[in-house]
Amino acid sequence: MSQTLTQKILAAHAGENEVVPGQLIEANLDMVLGNDITTPVAVNEFNKAGFEDVFDKDHISIVLDHFVPNKDIKAAEQSKTCRDFSCSHCISHFYDVGKMGIEHALLPEQGVVTAGDVIIGADSHTCTYGALGAFSTGVGSTDMAAGMATGKAWFKVPSAIKFELTGKFAPNVSGKDLILSIIGKIGVDGALYKSMEFTGEGCKNLSMDDRLCICNMAIEAGGKNGIFAADEITEEYLKGRAEREPRFFYADNDAEYERVIEIDLSQIKPTVSCPHLPSNTKDAADLHDIKVDQVVIGSCTNGRLEDMEATYEVLRGKHIADGVRCIIIPATMDIYKECIEKGWATEFINAGAIISTPTCGPCLGGYMGILAAGEKCIATTNRNFVGRMGHVDSEVYLASPYTAAATALTGYITELEA
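It should be emphasised that the depicted structure is a prediction, and the values quoted were computed from it without experimental measurement. (Residues numbered from 1 in each chain as written. Predicted model: local features only at pLDDT ≥ 70, side-chain atom pairs only at ≥ 80, totals over all residues. Heavy atoms only, no water.)

(A) Representation of the sheet that holds strand E3 (residues 60-63). Read across the sheet, five strands follow the order E4-E3-E2-E5-E6 without closing on themselves; strand pairing throughout is parallel. The sheet terminates laterally at strand E4 (93-95) and strand E6 (135-138), the two strands that pair on one side only. On average, each strand axis in the sheet is tilted by 15° relative to the strand beside it, whichever way the strands run. The pairing of E3 with E4 spans three bridges and is classified as parallel. (Pairing = 2+ DSSP bridges. Helix = DSSP H or I, 4+ residues; strand = E, 2+ residues; numbered from the N terminus. Axes fitted to C-alpha atoms, helices over the stretch in contact; angles between N-to-C directions.)

(B) The packing of aromatic side chains, seen in detail. All chains considered together, the criterion is met by seven aromatic pairs. For the pair Phe-46 and Phe-85, a centre-to-centre distance of 5.3 Å together with 85° between the ring planes defines the contact as edge-to-face. With Phe-46 in helix H2 (residues 39-48) and Phe-85 in helix H3 (residues 73-88), this pair connects stretches of sequence that are 39 residues apart. For the pair formed by Phe-46 and Phe-85, the shared burial category is buried. Seen from their ring centres, Phe-198 and Phe-228 are 5.0 Å apart, and the 15° between their planes marks the pair as stacked. Highlighted residues: Phe-198 in strand E9 (residues 195-199) and Phe-228 in strand E10 (residues 225-228), separated in sequence by 30 residues. (Phe/Tyr/Trp six-rings, centres within 6.5 Å; stacked < 30°, edge-to-face > 60°. Buried < 20%, exposed > 50% of the residue type's maximum accessible area, 1.4 Å probe, protein only.)

(C) Focus on the nonpolar core. Core analysis: the biggest nonpolar cluster contains 90 residues, and Phe-155, Phe-163 and Met-196 have the highest contact counts within it. Per-element tally for this core: the top contributor is helix H6 (residues 175-186), with six residues. Cys-274, Ile-320, Trp-344 and Ala-405 belong to the second-largest nonpolar core, a separate cluster that totals 36 residues. (Core = buried A, V, L, I, M, F, W, Y, C linked by side-chain atoms within 4.5 Å.)

(D) Looking closely at the sheet that holds strand E11 (residues 259-264). The four strands are arranged E10-E9-E8-E11 in an open sheet whose pairing can be described as parallel. Sheet topology places E10 and E11 at the edges, where each strand pairs with a single neighbour. Here the strands of the sheet are splayed against their neighbours by 20° on average, with no regard to which way each runs. Strand direction decides the pairing type here: E9 and E10, joined by four bridges, are parallel. For Ser-195, the partnering residue across the bridge sits in E10 and is Asn-225. This element, helix H1 (residues 5-14), spans E9 and E10 of the sheet and lies at about 100° to E10. Against the sheet, helix H7 (residues 208-216) touches E9 and E10, its axis set at about 155° to E10. (Contact = heavy atoms within 4.5 Å.)

(E) Molecular detail of the side chain of Thr-234. As for its position among the elements, Thr-234 is in helix H8 (residues 232-238). Since its relative accessible area comes to 0%, Thr-234 is described here as buried. Ignoring anything within four residues of it in the chain, the contact list for Thr-234 reads Leu-132, Met-208, Arg-211 and Ala-229.

(F) How the structure looks around the UniProt feature "binding site: [4Fe-4S] cluster" (unreviewed entry) in the chain. Sites flagged by UniProt as "binding site: [4Fe-4S] cluster" (unreviewed entry) map to Cys-300, Cys-360 and Cys-363. These annotated residues cover 64 residues of sequence, but their C-alpha atoms sit close together, with the largest distance between any two at 9.2 Å. Its place among the elements puts Cys-300 in helix H9 (residues 299-302). By relative accessible area, which is 10% here, Cys-360 ends up buried. The contact partners of Cys-360, leaving out residues within four places of it in the chain, are Asp-65, His-66 and Ile-102. (UniProt positions renumbered as here; feature names shortened; annotations may be inferred.)

Shown next, in the form of structure tokens:
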């Protein structure tokens, strides 16, 4: 039987020759992930179930990234639970203040996840790692607890939508514009519990940072996972980085897909998701009358090095508009350090922005950029639901770093001209 890329990976990890959409399987896990919000719940379930030890200390990652450095007593207690559990079970991949980063940028950067893996994480944007040619998906904290104890998880094999990409982006257009365009086209439930598989000649024109961004937001279309087949770009990224030997899987040429969507990358324009759904997309060029109070550039979606470089190219030698707060958040400590070493951090500060330690903070309305009633923010984050970044009467617009940085300079939603 012909199989999709996701089916191939799941079959291998379930010890099966093949699997079919809708089939329930138990698969072996290569990595189990949690953060400072979800891990304490998983630890409680782990203890309640009577588990005494983890299945493999080297295949569990606990990243303190949402409220770290701790913003209040509750956050401190949650982090302490993570620290105590990681210490008592000798968790190899434990990331705290000073070496942590936003989990979905940190794990690929550090080579903790790799091609061919099956990965679960108690965070919905765990689907990010499909950019490496892995099957990765978000789960609840109870599933995380079971995964930590047994190294296994149950899955219903998803059917797939194939996105056939051709062409190349115009200048100042990125993977964020592509995934926002896709979500606008198919809706927030357009890929419900489906694998979003990206293929075609256009893939060779997408950087790894583009791919990570695209897979990160598969969940915003309802997807079970997003995934790219490994190619030369993947192999180059993993070289000297992956701590385990990558396993490369490929879809059969005659694999069956529920739907095939063809996209010419050259036709993608700077795109913005307007409140209050990621699918409410419009061309940035049509939103010039919308005044913003805050700009946030960062998150697990767009806090990587290419995002910082795009922001630098837009802001250098210029100054942010009066009345606009611009918050820039490098996604990991290594990216933060590169921003300093390359001189970008100085340019950000000269432009009137502030630079934060790596954190999810403002993305989920946690801290470091909460919105008051009536305020508008354009952000490179992934969700713009009611109250997502603060008051229920605030508004969040989602965009690429190019568009967000250009907006910071004018105070109004602005697309960056080629």
